[in-house]
Amino acid sequence: MFLARGFVRRLSSAVKSRPKAREIFFFNLPLATGGIFLALSILILSAFIARAPDPERILPIFFLAIGLANPVAYAATRIQAVVLAFPPTQHTETPIIRFTIVAGIILGLLPLLFIIPGLIEFYYVALQKININELALIRVTAISLITFPFAVALRAYSEGLAAWERKPMAVLAGHGFYLVIVIVSGFIAFVLGVPGYLIGGISLTLASLVSAYIIRVFLNWTHAKNLPVGQTTTPVAQVR
């Protein structure tokens, strides 16, 4: 910073006008509201699991498994920062998508380290005081959550695009559908008799994938809406 002071003083400002506090507030409001939807999803899932068979066994197992999946899923949300740091263009979007997919897969595999022999007994039995007879069920629950961080990474990529284009309502729409899908898929799984330890993984993964899709649909819709009359995204020569 000391060596750069002279150069920084001679730089012209890249921002023509500073944003007002009101603009920042209304930009952040949909994002904060969407965060509430995400936080409610676990509570809603626990309500469905509590009404599935053997809730006194399944609920503790689910919360211990999601307790390991949630931190890596949160790490996957930082894909938003990657998108903002490297805004996708025609030449850069593919590497970012590739990075998102690989990162999501790796993050999804990390919690499975705790179900390998030795570590599973140490973490779940010695530390968490789970009955050793429940280890098989814990393994199944942990495996069912393997796709959750991957789906969150894809959702975070779409959220990063929406933030870059300053479309917070797209994020709010995605998070709204996230909550709806959690409720609908949890209810359907419960009605169909899906075991409680599988309801969480199925619902959370499906909700994140749908949320990512809805955000992209919203962004594409706003792009099409903002096109001048008569302009299309496909060259006329190709149409002919």
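Reading the values: the criteria
Residues numbered from 1 in each chain as written. Predicted model: local features only at pLDDT ≥ 70, side-chain atom pairs only at ≥ 80, totals over all residues. Heavy atoms only, no water. Helix = DSSP H or I, 4+ residues; strand = E, 2+ residues; numbered from the N terminus. Contact = heavy atoms within 4.5 Å. Areas by Shrake-Rupley, 256 points an atom, 1.4 Å probe, with all protein chains shown as cover. Lys, Arg positive; Asp, Glu negative; His and termini not counted. Charge placed at Lys NZ, Arg CZ, Asp CG, Glu CD. 1 Å grid on protein atoms, 1.4 Å probe; cavity = no way out; pocket = protein on both sides within 12 Å on 5 of 7 lines; lining within 4 Å. Points joined across faces, edges and corners; volume = space filled by probe spheres on them. Nonpolar A, V, L, I, M, F, W, Y, C, P; charged D, E, K, R; others polar. Core = buried A, V, L, I, M, F, W, Y, C linked by side-chain atoms within 4.5 Å. Buried < 20%, exposed > 50% of the residue type's maximum accessible area, 1.4 Å probe, protein only. Expected span 1.5 Å × (residues − 1). Arc of directions from axis to C-beta. Axes fitted to C-alpha atoms, helices over the stretch in contact; angles between N-to-C directions. Parallel < 35°, antiparallel > 145°, perpendicular 65-115°, else oblique. Left-handed = near helix turned anticlockwise from the far one by under 90°.

1. A short note on the overall build of the protein
Thought 1: Scanning the protein for helices and strands turns up 11 helices and 0 strands.
Thought 2: The order of helices and strands in the protein, counted from the N terminus, is α-α-α-α-α-α-α-α-α-α-α.
Thought 3: The dimensions of the protein, computed from C-alpha atoms along their principal axes, are 65 × 55 × 40 Å.
Thought 4: Taking contacts inside the protein between residues at least 6 apart in sequence as the whole, the part at least 24 apart equals 81%.
Thought 5: With the model as given, the accessible surface of the protein reaches about 14500 Å², and the carbon-plus-sulfur share is 70%.
Thought 6: Side chains of the protein carry 19 positive and 8 negative charges; the gap between the two charge centres is 19 Å.

2. A closer look at empty space enclosed by the protein
Thought 1: If you walk through the whole model with that rule in mind, you get 1 cavity of 30 Å³ or more.
Thought 2: Roughly 30 Å³ of internal volume is contained in the largest cavity.
Thought 3: In this structure, the largest cavity is lined by Ala65, Ala69, Gly108, Pro111, Leu112, Ala142, Leu145 and Ile146.
Thought 4: Split into classes, the residues belonging to the lining of the largest cavity amount to 7 nonpolar, 1 polar and no charged.

3. Describing the nonpolar core
Thought 1: Formed by 50 residues in total, the largest nonpolar core has its most connected members in Ile66, Ile79, Tyr124, Ile138, Phe148 and Leu204.
Thought 2: Top contributing element to this core by residue count: helix H3 (residues 55–77), with 11 residues.
Thought 3: Discounting chain neighbours no more than four positions away, the residues touching isoleucine 79 are Phe99, Thr100, Ala103, Ala153, Ala156 and Tyr157.

4. Some remarks on the layout of surface pockets
Thought 1: If you add up the space inside the largest pocket, you get close to 570 Å³.
Thought 2: Leu38, Thr77, Gln80, Arg155 and Glu159 are, among the 26 residues lining the largest pocket, the residues nearest its centre.
Thought 3: Only helix H2 (21–51), H3, helix H4 (79–85), helix H8 (148–164) and helix H9 (168–191) provide two or more residues apiece to the lining of the largest pocket.
Thought 4: At 7 residues, H2 tops the list of elements feeding residues into the lining of the largest pocket.
Thought 5: Residues that form the lining of the largest pocket fall into these classes: 17 nonpolar, 6 polar and 3 charged.

5. Here we look at the side chain of threonine 77
Thought 1: You can see threonine 77 is positioned in helix H3.
Thought 2: The class of threonine 77 is buried, set by a relative accessible area of 13%.
Thought 3: Filtering out sequence-adjacent residues up to four positions away, threonine 77 remains in contact with Val152, Arg155 and Ala156.

6. Overview of helix H5 (residues 93–109)
Thought 1: For H5, built from 17 residues, the straight-helix expectation of 24 Å at 1.5 Å per residue is met to within 8% by its first-to-last C-alpha distance of 25 Å.
Thought 2: Inspection of H5 places Ile96, Thr100, Ala103, Gly104, Leu107 and Gly108 among the buried residues, and these make up the whole buried set. Buried residues along H5 cover an arc of 130° about the axis, so they all sit on one side.

7. A closer look at the packing of H2 against H3
Each pair of packed helices can be described by the angle between their axes along with the distance between the axes.
Thought 1: Close contact between H2 and H3 brings their axes to 9 Å; oriented N to C, the two are set at 150°. Of the possible angle classes, the one that applies to H2 and H3 is roughly antiparallel. When the axes of H2 and H3 are compared, the crossing they make is right-handed. Where H2 abuts H3, its residues Ile42, Ser46, Ile49 and Ala50 lie against Pro55, Ile58, Leu59, Phe62, Phe63 and Ile66.

Coordinates in, geometry out; function isn't part of it.
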